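Here is what each chain is made of, one letter per residue.
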Amino acid sequence: MRIDLDNVKALRELDSAGMLEAAWNLPEQCAQAWSLAQDPPLPQIADWRHLLVTGLGGSAIGGDLLRVFAADKLGIPVLVNRDYTLPWFVNRETLVFAVSYSGNTEETLSAYGAARERGTTVVAITTGGELGRRAADDGVPVVRIPTGIQPRAATGYLFIPMLGILERLGLLFGMEAEVTGVSAHLRELRGRYGPETPARDNPAKQLAANLQHRLPVIWGATGTTEVVAQRWKGQFNENAKAPAYWNVFPELNHNEVVGFEQPEDLLGRIWLIVLRDEQDHPRVRLRMKVTREMVKKAAGWTEVDSSGPTGLARVYSLIYLGDYASMYLAALAGIDPGPVQVIDFLKNELAKHE
Ligand code: PA5
C-alpha cells in the first residue's frame, strides 16, 4: 500500500528493520566507528606498497570511499576487491582490510584465506560471524562493529574504522577532525531529510516523489562523486527494490550519452540525476552542461549539489540524501526498505552447495 510520505507513523510501521532510525543515527555511528578503530592492537610495520579492501555489496563500498578519499593523501594505491580471489600482486607488502558486516560472506572469507596464505597483513572489520572467528584464531586484528542493522545502513561502521587504523599506522593524518566534520554536517542534514520534515521542506521526499514510476540513472564524476553514484544505485535497488543504474563523467560522454535516441517509451521513463561537487574538474562541469542540452528532450534531468565543509562531508551529504530518498521511494510503493530477501535467498542457495 502506498504511504503518504508525511505520515510518519505509517513510514515507521512499514520499516521493519529500523532503516529510518539507523539513518537518523548515522552521525553518532560515524563518531562511534572512529572510537572502535582505536581498540585492536596493530602490527608495527610501515612499509606497505599497496592497500587492498576486500568485501562485497554494503561492505565493499567503504573501500571505494577510501580509494577516492585517499587518492591524494595516501602514499600507496588502494584497490577494492569484490571477489573470491586476489590479484596476483598481493603479497607480504600488501595491507588488506577484510570487511564483512555479517562476517559470513563466502567471497570475503575466501579472499581472507588467500590473503593469509600470501602473508599479507590483514585487519578485519566485522560484527563477528565466521570472519570474526577466523581472525580471532589467526591473531588478526579485528574492529568489532555493532550488529543489528542492515550492512548498507552501517556505512559509518564499515568505512570510518579504516581511516582510524590508517592513522594509527602512520599512513593518514588529521582523520579525527575529518570524521568530526562529517558527523556535525550530517546532524544538520538529518533535520532536512528526516521523516518528521514534511515533503514541502524535504529535498529527499521531493526527490523520491520525482522518481516514482521512473528509472533512476545516476551520473557522478570520477574522483569526486563517483562512489556516491554507485551508492545511490545500490540504495534504490536494495531499499526501494527498484532498478537503477549509474555511470561517471567524463567516461559516459564517450559511450552512454549516445544511447538516448530509442526506444522512446523507455527513455521517457528514465530520470537522470547528476551529482555535482565543487571539486569537479571544470571541463567535467562543462560536459554536464553540454550533455544536459543533448539529452533533455529524451529523459528527465535533476542536478544535485553536495554540501559541507570538507570533501568527505560533501560526499556524505550526498550519500545521506540518497539513503533517505531511496527509503521514501520504497514507501511510495508500499515497500519495506529493510529486508533484502533476494540476497538472503541467493546466499542460502549457495550455502547448500559447498
Ligand atoms: O546490503 C547488503 O545486504 C549486501 O550488499 C551485503 O552487504 C553483501 O551481501 C555482503 O554481506 P556482508 O556485508 O555481510 O559481508
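Residues numbered from 1 in each chain as written. Predicted model: local features only at pLDDT ≥ 70, side-chain atom pairs only at ≥ 80, totals over all residues. Heavy atoms only, no water.

Asker: Honestly, the overall build of the protein in this entry has me stumped. Any pointers?
Answerer: Within the protein, the secondary structure is distributed over 14 helices and nine strands. Here the C-alpha atoms of the protein give a radius of gyration of 20 Å, agreeing with the 20 Å that 2.2 N^0.38 yields for 354 residues. Viewed in the frame of its principal axes, the protein has a C-alpha envelope of about 55 × 45 × 45 Å. Put simply, the protein has 354 residues, and 55% of those count as buried. (Helix = DSSP H or I, 4+ residues; strand = E, 2+ residues; numbered from the N terminus. Rg over C-alpha atoms; globule rule 2.2 N^0.38 Å. Buried < 20%, exposed > 50% of the residue type's maximum accessible area, 1.4 Å probe, protein only.)

Asker: Explain the site of the ligand to me, please; I cannot follow it from the model alone.
Answerer: Every residue close to the ligand is listed here: Leu56, Gly57, Gly58, Ser59, Ser100, Tyr101, Ser102, Thr105, Pro151, Glu238, Ile343 and Lys347. Within the contact set of the ligand, an oxygen atom lies 2.6 Å away from a side-chain nitrogen or oxygen of Glu238. Here the residues of the shell around the ligand are counted per class, giving four nonpolar, six polar and two charged. (Near = heavy atom within 4 Å. Polar contact = N/O pair within 3.5 Å; in protein donor to acceptor, adjacent residues only side chain to side chain. Nonpolar A, V, L, I, M, F, W, Y, C, P; charged D, E, K, R; others polar.)

Asker: When you look at a nonpolar patch on the surface in this model, what are you seeing that I'm missing?
Answerer: Nonpolar side chains collect at one region of the surface, where Tyr84, Val342, Phe345, Leu346 and Leu350 lie side by side and expose about 500 Å² of accessible area between them. The topology assignment puts Val342 in helix α14 (residues 341-351). Here Val342 falls in the exposed class, since its relative accessible area comes to 63%. (Patch = residues over 30% accessible without salt bridge, like charges linked within 9 Å, V, L, I, M, F, W, Y side chains within 5 Å. Areas by Shrake-Rupley, 256 points an atom, 1.4 Å probe, with all protein chains shown as cover. Salt bridge = Lys/Arg side-chain N within 4 Å of Asp/Glu carboxyl O.)

Asker: In this structure, what is going on with the packing of aromatic side chains? I would like to understand it.
Answerer: Aromatic rings in a pair are described by how distant their centres are and how their planes are angled relative to each other. A complete count under the given rule lists ten aromatic pairs for this structure. Centre to centre, the rings of Tyr320 and Tyr324 are 5.2 Å apart; their planes meet at 65°, and the pair counts as edge-to-face. Of the two residues, Tyr320 and Tyr324 are both situated in helix α13 (residues 311-332); the distance of four residues between them amounts to about one turn of the helix. Taking relative accessible area as the criterion, Tyr320 reaches 0% and is therefore assigned buried. A residue is classified by how much of its surface remains accessible, and Tyr324, at 0% relative accessible area, is buried. Connected via pairs of aromatic rings, a cluster forms that spans Tyr193, Tyr320, Tyr324 and Tyr328. Note that Lys73 overlies the ring of Phe69, its terminal NZ or CZ placed 4.2 Å from the centroid. (Phe/Tyr/Trp six-rings, centres within 6.5 Å; stacked < 30°, edge-to-face > 60°. Lys NZ or Arg CZ within 6 Å of the ring centre and 35° of its normal.)

Asker: So what exactly am I meant to see when it comes to the sheet that holds strand β4 (residues 121-126) here?
Answerer: Sheets are built from strands that pair by backbone hydrogen bonding, the pairs being arranged parallel or antiparallel. Ordered by their spatial adjacency, five strands build an open sheet running β2-β1-β3-β4-β5, and the pairing between neighbours is parallel. The open sheet has two free edges, formed respectively by β2 (78-81) and β5 (142-144), since each of these has just one partner strand. Pairwise comparison of adjacent strand axes, ignoring direction, gives a mean angle of 15° for this sheet. Across four bridges, the pairing between strand β1 (residues 50-54) and β2 is parallel. (Pairing = 2+ DSSP bridges. Axes fitted to C-alpha atoms, helices over the stretch in contact; angles between N-to-C directions.)

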